[in-house]
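# Descriptive structure summary
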Amino acid sequence: MDTIASLFSFITWPVSWVIVQFHKVYGAVFGPDTGWAWGLSIVSLVVLIRICLIPLFVKQIKSTRNMQALQPKMKAIQERYKSDKQRQSEEMMKLYKETGTNPLSSCLPILAQSPFFFALYHVLSNIAEGDKVGAMNQALVDSARQAHIFGAPIASKFMDSAADVAALDASITSVRIVTAIMIVLMSASQFFTQRQLMMKNVDLSVKTPYMQQQKMLMYIFPVIFAVMGINFPVGVLVYWLTTNLWTMGQQMYVINQNPTPGSKAQDSYLQRLLKSITTHGEVRGRRRKTVVKLIVAKATSDRNENERRFFSGLTKAGFAAQADGTVIKSDTIEAEAEGGAAARRQQPKRQTKAQRQAAAAQQLVAKDTEDDSEPAAEAATTSLEKKPQGPAKTTAKDEAGDKPARPSRANSGGTRQGKSGQRKGQQRPKHPSSKK
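Definitions and limits used
Residues numbered from 1 in each chain as written. Predicted model: local features only at pLDDT ≥ 70, side-chain atom pairs only at ≥ 80, totals over all residues. Heavy atoms only, no water. Helix = DSSP H or I, 4+ residues; strand = E, 2+ residues; numbered from the N terminus. Buried < 20%, exposed > 50% of the residue type's maximum accessible area, 1.4 Å probe, protein only. Contact = heavy atoms within 4.5 Å. Areas by Shrake-Rupley, 256 points an atom, 1.4 Å probe, with all protein chains shown as cover. Phe/Tyr/Trp six-rings, centres within 6.5 Å; stacked < 30°, edge-to-face > 60°. Lys NZ or Arg CZ within 6 Å of the ring centre and 35° of its normal. Salt bridge = Lys/Arg side-chain N within 4 Å of Asp/Glu carboxyl O. Patch = residues over 30% accessible without salt bridge, like charges linked within 9 Å, V, L, I, M, F, W, Y side chains within 5 Å.

### Section: the overall build of the protein
Secondary structure summary: the protein contains 18 helices and 6 strands in total. Each of the 436 residues in the protein was classed as buried or not, and the buried ones make up 37%. Within the protein, contacts between residues at least 6 apart in sequence are counted, and of these 62% link residues at least 24 apart. Accessible surface, the protein: about 26,400 Å² in total, of which carbon and sulfur atoms supply 58%.

The structure is reproduced here in structure tokens:
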């Protein structure tokens, strides 16, 4: 480790200078020889480095988005060459080259931090030996040697001997307990960060080399840090634990606010957005409008399941998404939704078998009663129809002059017997001038 750290000795002076400047600030508050002053100086160094690496992180996010945009093409290549793994890999690499996408872009922040990490390791190793290093003079080195974090000197290691730890005015037990806890926390935070990325912010419908890479890193990195951690000084463990916590928090923000399309995080985000729209009746925030705008711009066939579920929820709530990322209240959609709900409410309740049998029995009784009363009603109607209609004959005679009126075949309301039975109803009288 010392040999590797010496390769980055060119950056030792800037790193040590930054630590000294932060130590002046914290030393005035907590005391120059305390572990809080030196420990917080290392934490502040991490924060400063990570802030400087934000442009690189943004580049990493863009590269990750390019990988996500290539998911359909990757899936098509997998389906086309599923029996030829070598040809599949060649086509994948060709696709990366054509689109300018680097599947190893997720490692860029770690690679960029490596020089600072080894430079800090070199500084702390010199502090443990009592030698001047970079911008730190002998007085500052002696002050750092006396600083303890929870009883462990910042320059001590898990593998140090009892004599080395005693030279730093500490006990071997306290050093190993503190370093062991910090190693476990460092490895656990690294594992949780990668697992959060794999479980929530990856489209699991497509198997790509990117996914395999992330899955590999999820298990390899914690093991590497656990093995290497026993040779890290306490100050380096503070540095790496801090940068892991920063990465975890930064990733949680990205997952919640800018999730990967098709992932579980996107589904959760769109459901929160749908709830906000139904509550306030509008899309609040420029970034949210941009999200809706991008989804509207997609063809229906290009939308993933999460996006289709989001639009279905908007429709049910009576909203229609617009091309500019806003939503409007759709009266037609709302009326259809209310009509469907009313129709569902007006549907009769399903009857039990006993209720259906009772209703059928009542219908049979009512039908029998109606059949019994029908002959009497028909007889009364026939008797009325057979009465003479005098005025009708006189009127026919007056209209015909000397010719007598031809009697109608049937009176008003008369009956006519046919082959199929009795025919009821009024018969149309013939005109007096018509021939017989």
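### A few points about the packing of aromatic side chains
For the structure on display, the rule yields 7 aromatic pairs. On the numbers, 5.8 Å between centres and 85 degrees between planes, the contact of phenylalanine 310 with phenylalanine 311 is edge-to-face. On the accessibility criterion, phenylalanine 310 (1% relative accessible area) is buried. Clustering of aromatic rings is evident, with ring pairs tying together Phe221, Phe225, Tyr239 and Trp240. It is arginine 176 that lies over the ring of phenylalanine 158; its NZ or CZ is 5.6 Å from the centre. Seen from the ring of phenylalanine 319, lysine 329 lies directly overhead, with NZ or CZ sitting 4.4 Å from the centre.

### Let's talk about the pattern of salt bridges
According to the stated counting rule, one finds 6 salt bridges in the structure shown. As a salt-bridge pair, arginine 308 and glutamate 305 come within 3.2 Å of each other at their nearest N and O atoms. With arginine 308 and glutamate 305 both in helix α15 (residues 305-316) and 3 residues apart, the pair spans about one turn of that helix. On the basis of relative accessibility, which here comes to 45%, the residue glutamate 305 falls in the partly exposed class. In the salt-bridge network here, residues are joined through shared partners; they are Asp267, Glu305, Arg308 and Arg309.

### Some remarks on a nonpolar patch on the surface
A cluster of nonpolar side chains, contributed by Val29, Phe30 and Trp36, occupies part of the molecular surface with about 350 Å² of accessible area. Mapped onto the elements of the fold, tryptophan 36 is located in helix α3 (residues 35-52). Tryptophan 36 gets classed as exposed once you look at its relative accessible area, which sits at 55%.

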